Number of protein chains: 2
Amino acid sequence: MSLDKNAPAVILVEPQMGENIGAAARAMLNFGLTDMRIVNPRDGWPNERAVALASRADMVLENARVFDTVAEATEDLTHVYATTARPRDMIKHVATPAGAAKAMREMTAKEERAGILFGKESFGLSSDDISYADTIITVPLNPDFSSINLAQAVLLVAYEWFQAEDETLDLVLRNEERPANKKEMVALFDRIESALDARDYFEPIQDRRPVILKNMRNMFQRFGLMESDIRAFHGIIKGLTADKKEK
Amino acid sequence: MSLDKNAPAVILVEPQMGENIGAAARAMLNFGLTDMRIVNPRDGWPNERAVALASRADMVLENARVFDTVAEATEDLTHVYATTARPRDMIKHVATPAGAAKAMREMTAKEERAGILFGKESFGLSSDDISYADTIITVPLNPDFSSINLAQAVLLVAYEWFQAEDETLDLVLRNEERPANKKEMVALFDRIESALDARDYFEPIQDRRPVILKNMRNMFQRFGLMESDIRAFHGIIKGLTADKKEK
């Protein structure tokens, strides 16, 4: 993964706890963001509790820049998002984290810089802070329990940023193997059938024999057997059909 | 938002820090999940550090159930996910959190229960734990900095679950059958294992016994067995283990 130098800035506005700044740095680096900006941190800067929490993401803290105001922290940006649950009485576009991530990817591709404001732990962003933003990001949350902490908000927004690039297919089969071919399938069916016949399994239900075998074939076809699965079944059948040991 | 009683269970396997259990409870409730299960917590249960961190999500902890094994914790579930970054040498479907969330919404709509395994902080899930799962969830992460903590992993998976809510419409298939639950799966494994043991199958390869059994569990998990398939396999095993007739 390439760390894009035009990737969005994460702007923490008046953060209170060093631990949360450190955890935010980790969350950023997890998803390829490195430009941290801090507006007026309560406990000054640098902050050793932040460093303790950041672990290997300390490079994000080392490069973090501190500003006195939101206006100064966002000077070089072309689009600013404000994360808040409460748009209140202002008319502003509201995006989901996923929608904002998609838009920011497009900005980055055009070499425009975006930034995301995150408010202080106790009260979030003020309406004054929000007035510096173009667009609000609201994380969809259970309305009955909607408090997430600062680092979690950063995590979700950064995650969506990363996702918006990621081309990972939703479902891939981990696989250096090949699927079983039909010759192998039929050989397996034949072996089970012969083994059952050798033990007179169908004796009392002779009339249902064709239906049972057909159902069995259908069942195995549905499983998407790999070549290694065929070998595993031969092993199991060999084990199950061995003579029982007298103990 | 309605809390769906068939929503997925979050299963913490051998969690070490009470704080992380509490934070996981918060992350769950933020996104509408309430069924927490804990396998063999390091510091016992209840855990007051978990309660301190959970804040208003303490109801999730109060209703949490504790189990001795992954097998017991997943008995009533029909589809189990394992969150891990490292699928290593096993053949299993791998989903993103978003892909898994979509699939779980479909399951819930059919009144099937899913669950998600999260490993301990230090090592994540063991390959043995993973062998009880149908599908792996891997969070896409910056490959150069890919460590996220337990509560963050829960947060991301729960977030995607909540996000997927609106996407499920009429994908529900008419289906008289139901998927096998894990109790039925484990009973099948036990039967095969006992039958193989009774025939000294593992005698010459005693050291490989655990690996062979784990691979067998992984193979069967991948097939998406229905309850009727379980019965079919019991029938086949009964037939194969009968005494061979003299002709």
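Sequence order sets the numbering: in each chain, residues are counted from 1 along the sequence as written. Labels are handed out in written order, letters beginning with A for the chains and numbers beginning with 1 for the ligands. The predicted nature of this model means local features are confined to residues of pLDDT at least 70 and side-chain atom pairs, given and counted, to a pLDDT of 80 or more, with totals for whole chains, interfaces and linings taken over all residues. Note that water and hydrogens are dropped before the side-chain values are worked out from all heavy atoms of the structure.

Visitor: Help me get a handle on the sheet that holds strand β2 (residues 36–39) of chain A, residues and values and all.
Guide: Adjacent strands of a sheet pair through backbone hydrogen bonds, lying either parallel or antiparallel. All names here are of chain A. At least two bridges found by DSSP between two strands are what make those strands a pair. Elements are defined by DSSP. Helices are runs of H or I of four residues or more, strands are runs of E of two residues or more, and each kind is numbered from the N terminus. Across the sheet, seven strands lie side by side as β3-β2-β1-β6-β4-β7-β5; this open sheet has parallel pairing. Looking at the sheet topology across the chains shown, the edges are occupied by β3 (65–67) and β5 (93–95). Averaged over all pairs of adjacent strands, the angle between their axes in this sheet comes to 30 degrees, without regard to strand direction. Pairing geometry for strand β1 (residues 9–13) and β2, over four bridges, is parallel. What counts as an axis is a line fitted to C-alpha atoms, over the stretch in contact for a helix, and the angles between N-to-C directions run from 0 to 180 degrees.

Visitor: How would you explain the packing of helix α8 (residues 182–198) of chain A against helix α10 (residues 227–240) of chain A if you had to name every residue and give the values?
Guide: The relative placement of two packed helices comes down to the angle between their axes together with the axis-to-axis distance. Residue and element names in this part refer to chain A. The N-to-C vectors of α8 and α10 enclose an angle of 10 degrees; their axes lie 10 Å apart at closest approach. Considering the angle they form, α8 stands roughly parallel to α10. The two elements α8 and α10 cross, and the hand of that crossing is left-handed. On the side of α8, the interface is formed by Glu 184, Met 185, Ala 187, Leu 188, Arg 191 and Ile 192, while α10 contributes Glu 227, Ile 230, Phe 233, His 234, Ile 237 and Lys 238. Of the residues that constitute the contact of α8 with α10, the class distribution is seven nonpolar, one polar and four charged. Note on angle classes: values under 35 degrees are labelled roughly parallel, values over 145 roughly antiparallel, values of 65 to 115 roughly perpendicular, and the remainder oblique. What makes a crossing left-handed is the near helix being turned counterclockwise from the far one by less than a right angle; a clockwise turn instead makes it right-handed. We call two residues in contact when some of their heavy atoms are within 4.5 Å. Under the scheme applied here, ten amino acids are nonpolar (Ala, Val, Leu, Ile, Met, Phe, Trp, Tyr, Cys and Pro), four are charged (Asp, Glu, Lys and Arg), and all others, including Gly, are polar.

Visitor: Could you give an account of helix α8 (residues 182–198) of chain B, naming the residues involved and the relevant values?
Guide: With 17 residues, α8(B) extends 24 Å from end C-alpha to end C-alpha; this agrees with the ideal 24 Å at 1.5 Å per step. For each residue, the accessible area found with a 1.4 Å probe, counting protein chains only, is set against the maximum for its type, and the residue is called buried under 20%, exposed over 50%, and partly exposed in between. Among all positions of α8(B), only B:Lys182, B:Glu184, B:Met185, B:Val186, B:Leu188, B:Phe189, B:Ile192, B:Ala195, B:Leu196 and B:Ala198 are buried. Considering only its buried residues, α8(B) is in contact with α10 of chain A together with α4 (70–73), β4 (79–83), α9 (209–222) and α10 (227–240) of chain B. At the N-terminal end of α8(B), a side-chain oxygen is found 3.1 Å from the backbone nitrogen of B:Lys183, two or three residues along, and the residue is B:Asn181. Downstream of α8(B) by one or two residues, B:Asp200 has phi in the positive range, about 55 degrees. Here, expected helix span is obtained from the residue count minus one, scaled by 1.5 Å. Nitrogen and oxygen atoms within 3.5 Å of one another constitute a polar contact, given that in protein one can donate a hydrogen and the other can accept it, and given that sequence-neighbouring residues count only through two side-chain atoms.

Visitor: Which residues make up the pairing of β2(A), and what values do they have?
Guide: A regular strand places its side chains so that they alternate between the two faces of the sheet. Neither face of β2(A) is left uncovered, since the one carrying A:Met36 and A:Ile38 and the one carrying A:Arg37 and A:Val39 both have all their residues buried. For the handedness criterion, the β-α-β arrangement of β1(A), helix α1 (residues 18–30) of chain A and β2(A) is classed as right-handed. Crossovers are described as right-handed under a simple rule: with the strands pointing away from the observer, the path leading from the first strand over the helix to the second runs clockwise.

Visitor: Explain the nonpolar core residue by residue, including any values.
Guide: Counting residues in each nonpolar core, the largest one holds 82 residues, and the members touching the most others are A:Met36 and B:Met36. Discounting residues that sit within four places of it in the chain, A:Met36 has contacts with A:Val10, A:Leu12, A:Ile21, A:Ala24, A:Ala25, A:Met28, A:Val60, A:Leu61, A:Asn63, A:Ala64 and A:Arg65. Among the nonpolar cores identified, the runner-up in size contains 39 residues, and A:Phe220, A:Ile230, B:Ile192 and B:Leu213 belong to it. In these notes, a set of buried Ala, Val, Leu, Ile, Met, Phe, Trp, Tyr and Cys residues joined through side-chain atoms within 4.5 Å is what counts as a nonpolar core.

Visitor: Outline the interface of chain A and chain B, supporting the account with residue identities and numerical values.
Guide: Counting residues at the interface gives 68 residues for chain A, matched by 68 residues for chain B. Summing both sides of the interface, chain A and chain B together bury roughly 5800 Å²; the carbon and sulfur share of this comes to 62%. What makes a salt bridge here is a side-chain nitrogen of Lys or Arg within 4 Å of a carboxyl oxygen of Asp or Glu, nothing more. Counting across the interface, chain A meets chain B through one salt bridge. Taking the shortest distance from any N to any O, the salt bridge between B:Arg222 and A:Asp229 comes out at 2.9 Å. Scanning the region where chain A abuts chain B turns up 17 residue pairs in polar contact (both at pLDDT 80 or more). Those elements giving two or more residues to the side of chain A that touches chain B turn out to be α1, α5 (97–109), α7 (150–165), β8 (171–173), α8, α9 (209–222) and α10 of chain A. A per-element tally of the side of chain A that touches chain B places α10(A) first, with nine residues. Taken together, the residues that form the side of chain A that touches chain B break down as 39 nonpolar, 13 polar and 16 charged. The buried area of a pairing is the accessible area, by a 1.4 Å probe, that goes missing from both parts when the two are put together, added over both.

Visitor: Talk me through the pairing of strand β1 (residues 9–13) of chain B; I want residue IDs and the actual numbers.
Guide: All names here are of chain B. Burial of β1 is extensive: five of the five residues sit out of reach of the surface. Neither face of β1 is left uncovered, since the one carrying Ala 9, Ile 11 and Val 13 and the one carrying Val 10 and Leu 12 both have all their residues buried. Here four bridges tie β1 to strand β6 (residues 114–118), and the two strands are oriented parallel to one another. Residue Ala 9 lies in a different strand from β6, and its bridge partner there is Gly 115.

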